[in-house]
Protein chains: 2
Amino acid sequence: MTAGRKRQGAPPEANRRDELLRTAARLFVEKGFDATTTRDIAEAVGMRSGSPFYHFRSKQDLLKAAMIEGLEAGYRRLQAACTGVGDPAQRLRVMIRTHLGNLLESDCHTPMLIYESRSLDATARAEIAAATDRYQAVWQATLDELATLGRLRSSASPLRLLLFGMLNWGGQWYRPDGRLSLDEIAEAAADLLLEGAIARPAGAAAPAGKRETPP
Amino acid sequence: MTAGRKRQGAPPEANRRDELLRTAARLFVEKGFDATTTRDIAEAVGMRSGSPFYHFRSKQDLLKAAMIEGLEAGYRRLQAACTGVGDPAQRLRVMIRTHLGNLLESDCHTPMLIYESRSLDATARAEIAAATDRYQAVWQATLDELATLGRLRSSASPLRLLLFGMLNWGGQWYRPDGRLSLDEIAEAAADLLLEGAIARPAGAAAPAGKRETPP
DNA sequence: AATAAGCAAGCAATCGCTTGTTGGATTATC
DNA sequence: GATAATCCAACAAGCGATTGCTTGCTTATT
């Protein structure tokens, strides 16, 4: 093959292990962990039914690896997108858009696997929790910054949780071929948070049209 | 034969079908549809493993019945709570609180089963969709009313979807013994929507007070 | 030669569900 | 009012399929 990274020590990197990981993640997201059989995964990468167990000790291990890999990739994308953006309001907009991308438009929507956490045992769940905590800390920092600057009334935890709810729930209804693009959803969410949903009297900039066609 | 069920206290008319339904819903919410076996359900109500199939044709049928029952009960609670509340802003507050109750505090959190929709076939899913559409229509009507009164900048669909995200995501983090009560969460969500998260300069006139009493 | 990567076959457990049956309650018949 | 017929709700047992995973062997590359 092309990649010549073989004679390494412990971690058998690259090769078809990655393909296995990505395919498993995709199937887990599409059909759910329990509804996806190890045979499905093997078949999807062109292996026999028992071969995935050469690379992963168990089906749970496959899920755990996929979740951690996905969460860390999302974390890196988030960091890359918002470093250098000085204005916290603008940074928050970038983070919202990036987060939606992490959830819904990356080649495989790995972070959405958090739904499947309950299929893991306690220790694996703790590892996942550590990764998500790191992710959320970045958000809380920016929200705190906005509050310190007096641009948010409060940055207490309900705000962050409600914000994540707005965004993460998109996985339940967003469709790539639907009426709303990720850019539009991101803008709507950021506007709701940073400018509010209420119509403000003349002074503020809120001239937009009243309503569109209801669904 | 030894363990004759003597459920004398139970009313003769109250079939054990209902008990089956409630128990199944609880287990489905707790462990997920796939991870819950029909044997689990049978055992939880004190039956033998095959007996539930006297009342329900299939496991899927049990899920469908539980979902529809839960959705309609929630719909009734929503209607009961918000009829007679004239002011649309106050009505929205009541709806938000009632919705959180439907999700998180009723004896069994049946509406949270929407997560499990994908375990149903197409026709069953269509029935569920019809029930949820009816539920959402009530919300859209109130949002439209607020927009018409000029109190919302827009009532286009993203707003409703983001709002449901805020609330429904609570199922992922809310704990009854946690720091935030449902009342507090409901207030935070309603404030975010109706008053915005931003700190406004004192000059802005619009809705100043935090909680408003119906006029 | 040595090792990484995968195949072929199947095991043990579990799954949803079916079949045949039973005791008790209800209803119909005499 | 006693007896027979019917029905309800559940049990007992197990079938066929599927599941995650294991074992023993083969290939390909270095």
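The rules we used
Here the residue index of a chain counts from 1 through its sequence in written order. Starting at A for chains and at 1 for ligands, labels are handed out in the order in which the entities are written. Per-residue local features are limited, in this predicted model, to residues with pLDDT of at least 70; the limit for side-chain atom pairs, both in listing and counting, is 80 or more; totals at the level of whole chains, interfaces and linings are taken over all residues. Calculation of side-chain values draws on the structure's entire complement of heavy atoms; hydrogens and water are dropped beforehand. Salt bridges are identified by distance alone: a Lys or Arg side-chain nitrogen within 4 Å of an Asp or Glu carboxyl oxygen. Note on conventions: DSSP H or I runs of at least 4 residues are helices, E runs of at least 2 residues are strands, and numbering of each starts at the N terminus. Buried means the residue's accessible area, taken with a 1.4 Å probe over protein chains only, is under 20% of the maximum for its type, while exposed means over 50%, and partly exposed covers the values in between. Here a residue is considered near a molecule or strand provided that any single heavy atom belonging to it is located within 4 Å of it. Definition of a polar contact: a pair of N or O atoms within 3.5 Å, with one able to donate and the other able to accept a hydrogen when the atoms are protein atoms, and with sequence-neighbouring residues admitted only if both atoms are side-chain atoms. Any residue outside Ala, Val, Leu, Ile, Met, Phe, Trp, Tyr, Cys, Pro, Asp, Glu, Lys and Arg is labelled polar, Gly included; the first ten of those are nonpolar and the last four are charged. Classification of ring pairs uses Phe, Tyr and Trp, with its six-membered ring standing for Trp, and accepts pairs whose centres are within 6.5 Å; under 30 degrees between planes counts as stacked, over 60 as edge-to-face, and the remaining range as tilted. Over a ring means this: the NZ of a Lys or the CZ of an Arg is within 6 Å of the ring centre and within 35 degrees of the ring normal. A least-squares superposition brings the copies together, and it is based on the C-alpha atoms of residues with pLDDT no lower than 70 in both. Two residues qualify as a contact provided that any one of their heavy atoms is within 4.5 Å of a heavy atom in the partner residue. Interaxial angle, 0 to 180 degrees, is taken between N-to-C directions of lines fitted to C-alpha atoms, where a helix line uses only the stretch in contact. Oblique is the label for every angle not falling under 35 degrees (roughly parallel), over 145 degrees (roughly antiparallel), or within 65 to 115 degrees (roughly perpendicular).

> Looking at this structure, how should I read the pattern of salt bridges?
Close approach of charged atoms allows side chains with opposite charge to pair. Applying the stated criterion across every chain, the model contains 26 salt bridges over all chains. Between Arg 151 of chain A and Asp 87 of chain A there is a salt bridge whose closest N-O contact spans 3.6 Å. Residue Arg 151 of chain A is located in the loop between α6 (122-148) and α7 (157-168), and its partner Asp 87 of chain A is located in the loop between α4 (59-82) and α5 (88-104); the two are separated by 64 residues in the primary sequence. A relative accessible area of 36% means that Asp 87 of chain A is categorised as partly exposed. Close ionic contact of Glu 72 of chain B with Arg 134 of chain B constitutes a salt bridge, the shortest N to O distance being 3.6 Å. Here Glu 72 of chain B, found in helix α4 (residues 59-82), pairs with Arg 134 of chain B, found in helix α6 (residues 122-148); they are 62 residues apart in sequence, far enough to count as distant. Looking at Glu 72 of chain B, the relative accessible area reads 33%, which means it is partly exposed. Taking relative accessible area as the criterion, Arg 134 of chain B reaches 38% and is therefore assigned partly exposed. Salt bridges linked by common partners bring Arg 93, Asp 191 and Glu 195 of chain A together as one network.

> Could you clarify how one ought to interpret the protein's contact with DNA strand D in this entry?
Around DNA strand D lies a shell of 19 residues, among which Lys 59 of chain A together with Arg 16, Arg 48, Ser 51 and His 55 of chain B are the nearest. Counting only atoms of DNA strand D within 4 Å of the protein, the sugar-phosphate share comes to 65%. In the environment of DNA strand D, a phosphate oxygen lies 2.7 Å from a nitrogen or oxygen atom belonging to the backbone of Lys 59 of chain A. Of all the elements in the fold, those that place two or more residues in the surface near DNA strand D are α2 (38-44) of chain A together with α3 (52-55) of chain B. Here the surface near DNA strand D is built from residues that sort into four nonpolar, 10 polar and five charged.

> In this structure, what is going on with the protein's contact with DNA strand C? I would like to understand it.
Close to DNA strand C lie 18 residues, the nearest being Asn 15, Arg 48, Ser 51 and His 55 of chain A together with Lys 59 of chain B. Close to the protein, within 4 Å, the atoms of DNA strand C belong to sugar or phosphate groups at a rate of 65%. Between DNA strand C and His 55 of chain A, the relevant distance is 2.5 Å, taken from a phosphate oxygen to a side-chain nitrogen or oxygen of the residue. Arg 39 of chain B places a polar side-chain atom, nitrogen or oxygen, 2.9 Å from a base nitrogen of DNA strand C. Of all the secondary structure elements, the ones that give two or more residues to the surface near DNA strand C are α1 (15-31) and α3 (52-55) of chain A together with α2 (38-44) of chain B. Broken down by class, the residue content of the surface near DNA strand C amounts to three nonpolar, 10 polar and five charged.

> Whenever I open this one, the packing of aromatic side chains confuses me. Can you help?
Aromatic ring pairs are defined here through the distance separating the ring centres and the angle between the ring planes. Going through the model one piece at a time under the given rule, you end up with eight aromatic pairs over all chains. By way of ring pairs, the aromatic residues Tyr 115 and Trp 169 of chain A together with Tyr 115 and Trp 169 of chain B are connected into one cluster. The ring of Tyr 75 of chain A has Arg 134 of chain A lying over it, and the distance from NZ or CZ to the ring centre is 5.1 Å.

> Can you help me understand the relation of the copies chain B and chain A in this one?
Relating one copy of the chain to the other requires a rotation about an axis plus a shift along that axis. The two copies are related by a screw operation: chain B maps onto chain A through 180° of rotation and 0.0 Å of translation along the axis, at an RMSD of 0.1 Å. Seen this way, the second copy is the image of the first under a two-fold rotation axis. When the interface residues of chain B are mapped onto chain A, 82% of them again lie at the interface, so the same face is used by both copies.

> What am I meant to see in the packing of α1 of chain A against α4 of chain A here?
In a packed pair of helices, the relevant descriptors are the angle between the two axes and the axis-to-axis distance. All names here are of chain A. Axis separation between α1 and α4 bottoms out at 9 Å; the angle between their running directions is 95°. By the angle between their axes, α1 is roughly perpendicular relative to α4. Between α1, through Leu 21, Ala 24, Ala 25 and Phe 28, and α4, the contact on the second element is made entirely by Lys 59, Leu 62, Leu 63, Ala 65, Ala 66 and Glu 69. Looking at the contact of α1 with α4 residue by residue, the classes come out as eight nonpolar, no polar and two charged.

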